[in-house]
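Examination of the molecular architecture
Each chain, written out:
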Amino acid sequence: MSPTLPRLPRALGLAARPLPLPPLNLLLGRLTRRLSDAHPAMLRRLGDHAARRFLIDPVDLPWVLLLQPQDATMTAHSRARAPAHDARIAGTLSAFLAMMHGAEDGDALFFSRDLTVEGDTAAVLALRNAMDDAELDLTEELAALSGPFARPLRRVLAGAERVTGLHLHRIEGMP
């Protein structure tokens, strides 16, 4: 693992284990629809790859995520019953978040094996490029969903970022 990427605290990974999937899937669905609505260029940038099913595998969490960009859906699944997919991207949560927020270069993460890809690599490259172009910010996307709780949520996520070292928002001027 890259020395610049923090490890997810073991307690956080263990705390995620008992999370029931239906509420998590509700949040993931709302977030994915929000991203699709707020960043329509991502879907256009994906082109034919938007119909692919991407299995996002944060190896330090107890479940995997299935992203279907064309349908604007993302769902969590038990690792034991991972759904059918066209491409799988695996790595630590910190690697995914660092790439998403531009704190780490996606190519460097792939070449260092902090992230691994299986299946349709062209689709994964298209997804990564679409995400890079959109300059996503998870904190701001979640804040947009939280209505009157946006300000306190930003404070909570900033504190979580300080405590865990995870990149939970886009940092301007990063590579």
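Details of the structure are given in the entry above.
Everything numeric in this text was worked out from a predicted model, so none of it was measured.

Conventions and cut-offs
- Residues numbered from 1 in each chain as written.
- Predicted model: local features only at pLDDT ≥ 70, side-chain atom pairs only at ≥ 80, totals over all residues.
- Heavy atoms only, no water.
- 1 Å grid on protein atoms, 1.4 Å probe; cavity = no way out; pocket = protein on both sides within 12 Å on 5 of 7 lines; lining within 4 Å.
- Points joined across faces, edges and corners; volume = space filled by probe spheres on them.
- Nonpolar A, V, L, I, M, F, W, Y, C, P; charged D, E, K, R; others polar.
- Helix = DSSP H or I, 4+ residues; strand = E, 2+ residues; numbered from the N terminus.
- Pairing = 2+ DSSP bridges.

Focus on the layout of surface pockets
Put simply, the largest pocket is a space of about 1300 Å³. Together, 47 residues line the largest pocket, and L28, L31, L65, L97 and L138 are the ones closest to its centre. Taken together, the residues of the lining of the largest pocket sort by class into 41 nonpolar, 5 polar and 1 charged. Size it by volume and the second largest pocket reaches roughly 150 Å³. Where the lining of the second largest pocket is concerned, the elements lending two or more residues are α5 (106-111), β5 (115-119) and α6 (121-134). A class-by-class count of the residues in the lining of the second largest pocket yields 5 nonpolar, 2 polar and 2 charged.

Comments concerning the pairing of strand β3 (residues 73-78)
Both strand β2 (residues 63-68) and β3 contribute to a ladder of 6 bridges, which runs antiparallel. Within β3, the residue paired with W63 across the bridge is S78. Between β2 and the antiparallel strand that follows it, β3, lie 4 residues; A72 among them carries a positive phi value of about 50°.

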